[in-house]
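Observations on chain architecture
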Amino acid sequence: MTIRSAFKSMFAWFAGLFTPEVKTMNLSASLTALIVGATAQLTASEGATFASGNPAVLTVDANGLVTAVGAGSASIVATSTADAAQTASVTFTVTAAALAVAVAAVEPAAPTAAEPTELEKLEALIEKLEVTTVKEVKAIIGYIRALA
């Protein structure tokens, strides 16, 4: 082994000791499927600022509390306060409140002798939701037809 090759080996070894640590920003959410009006809490691996990719669907406060304000899909981006080049995002899906309740109320189940008909379920659901517009009724009927 020559002095030159020994020096290169030592240099490579020392360089490995002083390689800067690569940091990665992590972001997680308590929920990613929301109903309009619902909230979810974001947790970042370090101090961060938050921004909504679509404020018509989601808003987010300085503490990472996400509020669903409209139906659709949107992402929240967190940017590290220590290093602006470090970012992470979470994508959310928001469903309209009336449709979400309709989905939960009309899920198909095993038929029983005392179970109400689909029409009776629909009538009960409309009364429960106090649905007043034709658009809402059509959306519910469309969902029930999709189940068939």
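Bear in mind the structure is a predicted one, so any value in this text is a computation, not a measurement.

All right, on to the pairing of strand 7 (residues 72–80) then. Sheet topology note: the strand 4 (residues 48–52)/strand 7 ladder contains five bridges and is antiparallel. For Ser52, the partnering residue across the bridge sits in strand 7 and is Ile76. Pairing of strand 7 with strand 8 (residues 87–95), which is carried by eight bridges, proceeds in the antiparallel orientation. Bridge assignment links Thr79 to a residue of strand 8, and that residue is Thr87. Hairpin connection from strand 7 to strand 8: six residues lie between these consecutive antiparallel strands.

A word on the sheet that holds strand 1 (residues 27–29). Here we have four strands laid out as an open sheet, ordered 1-3-6-5, and antiparallel in their pairing. Looking at strand neighbours, the two that pair on one side only are strand 1 and strand 5 (58–60), the edges of this open sheet. With direction set aside, neighbouring strand axes in the sheet form an average angle of 25°. Pairing analysis gives three bridges linking strand 1 to strand 3 (residues 39–44), with the strands arranged antiparallel. Directly across from Ala29, in strand 3, lies its bridge partner Leu42.

Let's shift gears to the sheet that holds strand 2 (residues 33–35). Taken in spatial order, the four strands make up an open sheet running 2-8-7-4, and their pairing is mixed. Two strands bound the open sheet, and with one partner strand each, they are strand 2 and strand 4. Pairs of neighbouring strands in the sheet enclose a mean axial angle of 30°, with direction left out of account. Examined bridge by bridge, strand 2 and strand 8 share three bridges and lie parallel to one another. By the bridge assignment, Ala33 is partnered in strand 8 with Thr93.

Structurally, Ser80 is set in strand 7. Looking at Ser80, the relative accessible area reads 4%, which means it is buried. A polar contact of 3.1 Å, which involves the side chain of Ser80, links it to the backbone nitrogen of Ala82. In this structure the side chain of Ser80 is engaged in a polar contact, spanning 3.2 Å, whose partner is the backbone nitrogen of Asp83.

Definitions and limits used
- Residues numbered from 1 in each chain as written.
- Predicted model: local features only at pLDDT ≥ 70, side-chain atom pairs only at ≥ 80, totals over all residues.
- Heavy atoms only, no water.
- Pairing = 2+ DSSP bridges.
- Helix = DSSP H or I, 4+ residues; strand = E, 2+ residues; numbered from the N terminus.
- Axes fitted to C-alpha atoms, helices over the stretch in contact; angles between N-to-C directions.
- Buried < 20%, exposed > 50% of the residue type's maximum accessible area, 1.4 Å probe, protein only.
- Polar contact = N/O pair within 3.5 Å; in protein donor to acceptor, adjacent residues only side chain to side chain.

Read these as geometric descriptors, not functional statements.
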